[in-house]
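Listed here are the chains, written in short residue letters.
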Amino acid sequence: IEAVLDCQTDLIAAIDAQDAGAIVRASEALAAAVTQLRNVETWPSDPLAAERLRGALRQNQAAAIRINLMAHWTRQNIDRLAELRTMKAHKNLYK
């Protein structure tokens, strides 16, 4: 659980910093930590541990929302750049 929490914190920090390399590294580390956590047969019987696991899953969802938002913004920027290039090409044709 601790490894997942640490990896999620690192991923969120990388996303907030918009550091592509750090996002890739943190994503890979998180995937490895989640894979190990998925291999656990049952939820912890300790209520505190179970709540920490629920917290890790909520934090994971928050990171996913940030990633989806960044992907949306990136798509918008790419579309806008393509639009600007098209406008520039048309202007050059009519000179």
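Residues numbered from 1 in each chain as written. Predicted model: local features only at pLDDT ≥ 70, side-chain atom pairs only at ≥ 80, totals over all residues. Heavy atoms only, no water.

Participant: Let's hear about the overall build of the protein chain: which residues, and what values?
Facilitator: Along the backbone of the protein chain there are three helices and zero strands. Scanning the protein chain from its N terminus toward the C terminus, one meets helices and strands in the order α-α-α. Buried positions account for 21% of the 95 residues belonging to the protein chain. The contacts of the protein chain with a sequence gap of at least 6 include a subset with a gap of at least 24, amounting to 64%. As presented, the protein chain carries roughly 7,200 Å² of accessible surface, and 58% of it is formed by carbon and sulfur atoms. (Helix = DSSP H or I, 4+ residues; strand = E, 2+ residues; numbered from the N terminus. Buried < 20%, exposed > 50% of the residue type's maximum accessible area, 1.4 Å probe, protein only. Contact = heavy atoms within 4.5 Å. Areas by Shrake-Rupley, 256 points an atom, 1.4 Å probe, with all protein chains shown as cover.)

Participant: Run through the nonpolar core, naming residues and quoting values.
Facilitator: Within the largest apolar cluster, 17 residues are counted, with the highest numbers of intra-cluster contacts made by Val4, Leu11, Ile23 and Leu30. For this core, the elements supplying multiple residues, two or more each, are α1 (2–17), α2 (20–38) and α3 (47–93). (Core = buried A, V, L, I, M, F, W, Y, C linked by side-chain atoms within 4.5 Å.)

Participant: Talk me through the pattern of salt bridges; I want residue IDs and the actual numbers.
Facilitator: In total, this model carries three salt bridges according to the counting rule given. Here glutamate 51 and arginine 58 are joined by a salt bridge, their closest N and O atoms 2.9 Å apart. Glutamate 83 is paired through a salt bridge with arginine 80; the nearest N and O atoms lie 2.7 Å apart. Here the residue glutamate 83 and the residue arginine 80 both occupy positions in helix α3, the gap between them amounting to three residues, near one helical turn. Residue classification places glutamate 83 among the partly exposed positions, given a relative accessible area of 43%. Taking relative accessible area as the criterion, arginine 80 reaches 42% and is therefore assigned partly exposed. (Salt bridge = Lys/Arg side-chain N within 4 Å of Asp/Glu carboxyl O.)

Participant: With reference to specific residues and values, describe unusual backbone geometry.
Facilitator: A positive phi angle is found at glutamine 18, which is not glycine, with a value near 55 degrees. Mapped onto the secondary structure, glutamine 18 falls in the loop between α1 and α2.

Participant: Describe the confidence of the model for the protein chain, naming the residues involved and giving the relevant values.
Facilitator: Predicted confidence across the protein chain gives a mean pLDDT of 81, with 85% of residues reaching 70 or more. Mean pLDDT across the secondary structure elements of the protein chain bottoms out at α3, with 80, and peaks at α1, with 86. (pLDDT = per-residue confidence, 0-100.)

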